[in-house]
Structures are given as C-alpha cells and as structure tokens.
Amino acid sequence: MKKRSSKIKRETKETDVSVTVSIDGNGKTSVFTGVNFVDHLITAFGKHAMLDLTVKAKSKDNIVHHLIEDTAITIGNAIDKALGNRAGVTRFSYASVPMDESLAEASVDLVKRPFYKLTLSIKRTKIEDVSKEDLEHFFQSLLQNLNSCIHLTVKYGDNDHHKVEAAIKSLAVAFRIACSKDSKQKGIPSTKGAM
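Since we're looking at a predicted model, the values are computed, not measured.

1. Let's talk about the overall build of the protein chain
And then number 1: Across its full length, the protein chain carries four helices and 10 strands.
And then number 2: Each helix and strand of the protein chain, ordered N terminal to C terminal, gives the series β-β-β-α-β-α-β-β-β-β-β-α-β-α.
And then number 3: Relative to a compact globule of 195 residues, whose C-alpha radius of gyration would be 16 Å, the protein chain shows 16 Å and is just as compact.
And then number 4: Scored against the burial criterion, the 195 residues of the protein chain give a buried share of 52%.
And then number 5: Of the contacts formed within the protein chain by residues at least 6 apart in sequence, a portion of 77% connects residues at least 24 apart.
And then number 6: Working note: accessible area of the protein chain is about 9,200 Å², and carbon and sulfur atoms make up 50% of it.

This is the structure:
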C-alpha cells in the first residue's frame, strides 16, 4: 500500500484553510483555528484516529460559522484524498466510546457513497466557545466530506461537552480501524471491484 497522505488548501473570500494529513501517522497534531473547542475536537480526532494532522485556518470575514464549516470541509476532503482508491483497507468498523457519564457510538463504512446519520443530543445552546448549531454543522460538514457512510450517535449523557467529545473520539477510533491495512484484503474491499 502506497503512502496515504495529502495536503489541501481551501481559500475563499470568507476563509483560508490548509490541512495536511497522513493516514498512517502516530496521532501527532498541530491545530489552530482560533476557536478553542473546535481545536480541541480536531486534536482529539487526530490523536485517537492516529492521524498526523496539521490544520491552519483563519477567518477573513470574522464569521465563526464560515470558519468552522470550511475547516471541517477541508479536513474531510484531505482525508478522502489521502485514502485514495481505498484498496487494502479493512473498510468497516464500529466503536463505542465513553466519556464519564456519556456514551457515543460510531459505525463507519469507507465506501465512496457519502451518507451520514448524526445524533449528538446536545441540550445547551452553546458549549464552551461554540454554538450548538455550529457544533452540529462542524460534524455534518466533516462527515459529508469524508466520502463515506457514517452513523454517529450519542446514546446518552448529561454533560454536553462530554457527549460531543465522546462522539468525536468514537468517530476517530472507528475510522482508525476502518482505514487500517487488512493483510488478507487484496485490492478493493468490494464485490463490485470499486468503491
């Protein structure tokens, strides 16, 4: 399997985002968006997915929603590009991750048919420095642009911070397993012969 890495730069009138990712990394991350809780979530994702991930994002219009959206889009695009044709991967995975009283589950199929089902169960209007709708949109934009089929569900919990953190960690662990190399798998892991 060839080296699975990519670099994507997305520049619009609203934002300037660059992402470098290595799928076969060690969980080394360097993240700066200027939105503390988003930085925390991206760092946790890289760490637990064992991606080497560098994210630099800045706003041009000072609208946080645009910055969060474009950052998630660019991360998803970079990972999709790094996965290439997905030959030799495990493809399917599932992870259940607790965070204190909260529990989240992620199911991942790396097939190139984008679909997601997201249930974060956030109650508060804001977590740390991010509104509920922007957090939900971060996850939506990331999942849409990973070009995979992903179901991500917070099963229960009381603390919204814990729920969201459990969600990103379950996604990371399931993704790490799904994109891991399968020594038995020869070629594309699909009866179609293509993803």
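2. As for the packing of aromatic side chains
And then number 1: Throughout the structure, instances matching the rule amount to two aromatic pairs.
And then number 2: Between the aromatic rings of Phe 138 and Phe 139, the centroid separation amounts to 5.7 Å while the plane-to-plane angle is 85°, which identifies the pairing as edge-to-face. Of the two residues, Phe 138 and Phe 139, neither departs from the other in class, the shared state being buried.

3. Observations regarding helix H1 (residues 36-49)
And then number 1: Here H1 contains 14 residues, and its C-alpha end-to-end distance of 20 Å stays within 8% of the 20 Å for a straight helix at 1.5 Å per residue.
And then number 2: Those residues of H1 lying buried are Phe 37, Val 38, Asp 39, Leu 41, Ile 42, Ala 44, Phe 45, Gly 46 and Ala 49.
And then number 3: Two residues or fewer after H1 comes Met 50, characterised by a positive phi angle close to 60°.

4. What to know about the pattern of salt bridges
It is possible for side chains bearing opposite charge to pair when their charged atoms get close.
And then number 1: Scanning all chains against the criterion turns up nine salt bridges.
And then number 2: In this structure, the salt-bridge partner of Lys 60 is Glu 11, at a minimum N-O distance of 2.9 Å. Residue Lys 60 is found in the loop between strand E4 (52-59) and helix H2 (64-83), and its partner Glu 11 is found in strand E1 (residues 5-11); the two are separated by 49 residues along the sequence.
And then number 3: With a relative accessible area of 39%, Lys 60 lands in the partly exposed category.
And then number 4: With a closest N to O distance of 3.9 Å, Glu 105 and Lys 155 form a salt bridge. With a gap of 50 residues between them, Glu 105 in strand E6 (residues 102-109) and Lys 155 in strand E10 (residues 149-156) connect regions that are remote in the sequence.
And then number 5: For Lys 155, a relative accessible area of 46% gives the class partly exposed.

What counts and how
Residues numbered from 1 in each chain as written. Predicted model: local features only at pLDDT ≥ 70, side-chain atom pairs only at ≥ 80, totals over all residues. Heavy atoms only, no water. Helix = DSSP H or I, 4+ residues; strand = E, 2+ residues; numbered from the N terminus. Rg over C-alpha atoms; globule rule 2.2 N^0.38 Å. Buried < 20%, exposed > 50% of the residue type's maximum accessible area, 1.4 Å probe, protein only. Contact = heavy atoms within 4.5 Å. Areas by Shrake-Rupley, 256 points an atom, 1.4 Å probe, with all protein chains shown as cover. Phe/Tyr/Trp six-rings, centres within 6.5 Å; stacked < 30°, edge-to-face > 60°. Expected span 1.5 Å × (residues − 1). Salt bridge = Lys/Arg side-chain N within 4 Å of Asp/Glu carboxyl O.

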